Every structure is written in C-alpha cells, then in structure tokens.
Amino acid sequence: MPHAVYIDIADDLRERIASGLLRPGDDVPTEAELAERWQTSRGPVRNALAALRAEGLVETTRGRPARVVSKKVTQAVDMSVPFTRWARDLGVEPGAHTQQVSLRRAAELADSLGVSPDEQIVSVLRLRMLDGRPAMVEHLNYTEQVGRLLFQVDTDAVSITEYLTEHGHPIVGLQHEIDAMAADEQDARLLRVPVATPLLRLSRVSRDADGRVFEASQDRYLGDVVRFTVAGSGISADGQYLRAVGG
C-alpha cells in the first residue's frame, strides 16, 4: 500500500509546532507553499491540515492560511475531579493565587446553599493557573461549618476539594451547569483580559453523604485554555434523554 503523503505533511507540521518553530498565533505555510515543498497536489495538504485541526493544533478560516492555536486542555463536566489532580494528570503544572477567604452573609446564595440569607457562609476567590498562565477564576462558597476549615490552611498550596475530603467532607452528590458569561472587571483583571471577554462558566452544587448541600461555586474559565467534554450512552425512545457517562 503506498504511503499517504498527508501523514508526512501532518507529522512535519506537528513537530514544528511541538518544537516551538511554529507558535500559537503563527500562520502555517499556505496550501500552495506546502504543496510545492512536498511536490504534491493540494488534496494531501488539506487532509494534513484537517488532521491537525481535529487535534486542536490549528484553526482554519476561509481566505487565509491556517493558524496555530493554543492547545486546549480538556475537562469532563460529568464527574468531580479536583483541578490540581486533573492538571497534573494532563502533564500541566497547576498553580493558585488566593485573593480572598472571607466570612460573610449568605444573601443571594442562601437558596443554593439551603441556608437563610442572614446565615454566615465562607467565600473564596482564587485564581488558578496552568503552567503559569491564568486559566480560571474560582468563586467558591461553602456553608459555615465546612468553610471554616479553610482558615486553617494555605489555600495556595492545597487542592481545596481534596483537603475538605480529608477532613470529612467528600463530594458524594454533584450537579454541574455550564454556560457562557462576559468577564466582569474582577475576573478580567485576574485573567489579564479585557472586560466582557467571553468566559466558560461551570456552576457547581456539591452534596455530602446525607444529601445536604455544602458548596455552591462557580469556575470561570478562559475559553481558549480549556474545553469541556461530555460523552453519552443511550437515548430514550422519545429522544428526550441522554445519560452522561464520562468524557
């Protein structure tokens, strides 16, 4: 079976991206340039670019050369994996810069946490990094009993989820909701982007073994850093139900 030229083209471009010869934002050589270099038609070139696009390495726009993009890390939304462990499993170094750990009244979070508006809760504002690059702002909120544990630890140095689990508060039930939002002034400052930059918002409600809510939080991600995945198995006969199983 003859060797497919597009594989060689894709391998060459992939190596140039991995080595840094082609960096995020750089244009890939045009189809004509690549066809001339490899002494082939544009068909194999387009197949090579399609393969790299599927891998999330380049983006293509009609009328201009393909461009190298920042590789996105993937996070499943249908399971609970601490940010720190998730990042390290992907070979990326996590970081944290806590902005605030405060005791305040529940107010607008009362319904989500199942407490009265006048009850106290603990809120944490923390910037998360991936390989030193701002990736996400955590807006964490806990019932007072659980949240007070965070005053006893350096929240820059631990996974809060794992720390609370070790101290008797594992996440047993979890509900996620994902949507888009515009960065407010605080998030924009921390993420080093303009105000109103689109962010991916993952809202989370966590329950303990007794079914009681102890956390109602939001993770606000830069869309060019991470993407979320959900895999499904099975659709009901009426087509209305899809069960998420992993991603």
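That block above? That's the structure.
The rules behind the values
Residues numbered from 1 in each chain as written. Predicted model: local features only at pLDDT ≥ 70, side-chain atom pairs only at ≥ 80, totals over all residues. Heavy atoms only, no water. Pairing = 2+ DSSP bridges. Helix = DSSP H or I, 4+ residues; strand = E, 2+ residues; numbered from the N terminus. Axes fitted to C-alpha atoms, helices over the stretch in contact; angles between N-to-C directions. Salt bridge = Lys/Arg side-chain N within 4 Å of Asp/Glu carboxyl O. Buried < 20%, exposed > 50% of the residue type's maximum accessible area, 1.4 Å probe, protein only. Core = buried A, V, L, I, M, F, W, Y, C linked by side-chain atoms within 4.5 Å. Polar contact = N/O pair within 3.5 Å; in protein donor to acceptor, adjacent residues only side chain to side chain. Contact = heavy atoms within 4.5 Å. Expected span 1.5 Å × (residues − 1). Arc of directions from axis to C-beta.

Peer 1: Explanation requested: the sheet that holds strand S4 (residues 94–105) in the structure shown.
Peer 2: Read across the open sheet, the six strands follow the order S4-S5-S6-S9-S8-S7; overall the sheet is antiparallel. Each of the sheet's edge strands pairs with one partner strand only, and the pair in question is S4 and strand S7 (173–182). On average, each strand axis in the sheet is tilted by 15° relative to the strand beside it, whichever way the strands run. In terms of strand pairing, strand S5 (residues 120–130) meets strand S6 (residues 133–143) through 10 bridges, oriented antiparallel. In the sheet register, Arg 126 faces S6, and the bridge partner there is Glu 138.

Peer 1: What is the right way to read the pattern of salt bridges from this model?
Peer 2: Any two side chains of opposite charge can pair if their charged atoms end up close together. Applying the stated criterion across every chain yields a total of 20 salt bridges. In this structure, Asp 184 engages Arg 220 in a salt bridge whose closest nitrogen and oxygen atoms are separated by 3.5 Å. Linking Asp 184 in the loop between S7 and helix H8 (185–191) with Arg 220 in strand S9 (residues 213–222), this pair joins segments that are 36 residues apart in sequence. A residue is classified by how much of its surface remains accessible, and Asp 184, at 31% relative accessible area, is partly exposed. Taking relative accessible area as the criterion, Arg 220 reaches 11% and is therefore assigned buried. A salt bridge links Glu 215 to Arg 204; the shortest N-O distance between them is 2.9 Å. Residue Glu 215 is found in strand S9, and its partner Arg 204 is found in strand S8 (residues 198–207); the two are separated by 11 residues along the sequence. Side by side, Glu 215 and Arg 204 carry an identical accessibility label, which is buried. Residues participating in the shared-partner salt-bridge network are Asp 12, Arg 16 and Arg 37.

Peer 1: Whenever I open this one, unusual backbone geometry confuses me. Can you help?
Peer 2: Note: most peptide bonds trans; most residues except glycine with negative phi. With a phi close to 50°, Ala 107 is a non-glycine residue in the positive phi region. Looking at the element boundaries, Ala 107 is found in the loop between S4 and helix H5 (110–113). Of note in the backbone geometry, Arg 192 takes a positive phi value of approximately 60° without being a glycine.

Peer 1: Where do I start with the nonpolar core in this structure?
Peer 2: Across soluble globular proteins, you tend to see nonpolar side chains buried next to one another. Among the nonpolar cores identified, the biggest contains 22 residues, and Phe 83, Leu 127, Leu 130, Val 137, Leu 191, Leu 199 and Leu 222 are the most heavily contacted of them. Among the elements of the structure, helix H4 (83–89), S5, S6, H8, S8 and S9 are those that each provide at least two residues to this core. At four residues, S5 tops the list of elements feeding residues into this core. Counting 16 residues, the second-largest nonpolar core is a separate cluster that includes Ile 17, Ala 35, Val 45 and Val 68.

Peer 1: Help me out: how do you make sense of the environment of Asp 8 in this one?
Peer 2: Examined against the element boundaries, Asp 8 turns out to sit in helix H1 (residues 5–19). Along the chain, Asp 8 and Trp 38 lie 30 residues apart, while their C-alpha atoms are 9.0 Å from each other.

Peer 1: Before we go on, may I ask you to explain the side chain of Ser 206 in this structure?
Peer 2: With respect to the helices and strands, Ser 206 occurs in strand S8. With relative accessibility at 0%, the residue Ser 206 sits in the buried group. Side chain to side chain, Ser 206 and Glu 215 meet in a polar contact 2.8 Å long. With near-sequence residues (within four places) excluded, Ser 206 lies in contact with Ile 171, Gly 173, Leu 174, Arg 212, Val 213, Phe 214 and Glu 215.

Peer 1: Whenever I open this one, the environment of Asp 184 confuses me. Can you help?
Peer 2: Residues Asp 184 and Pro 194 lie 10 residues apart in sequence; the distance between their C-alpha atoms is 9.0 Å. At 3.5 Å, the side chain of Asp 184 forms a polar contact with the side chain of Arg 220.

Peer 1: Can you help me understand helix H3 (residues 42–54) in this one?
Peer 2: In an α-helix, one turn spans 3.6 residues; hence positions three or four apart end up facing the same way. Over its 13 residues, H3 runs 18 Å from end to end, which matches the ideal 18 Å to within 8%, given 1.5 Å per residue. Within the sequence span of H3, burial applies to Pro 44, Val 45, Ala 48, Leu 49 and Leu 52. Seen end-on, H3 carries its buried residues on one side only, within an arc spanning 140°. Elements that come into contact with the buried residues of H3 comprise H1, helix H2 (31–37), strand S1 (58–61) and strand S2 (64–68). Directly beyond the C-terminal end of H3, a positive phi value near 80° is found at Gly 56.

That's the geometry; what it means functionally is another story.
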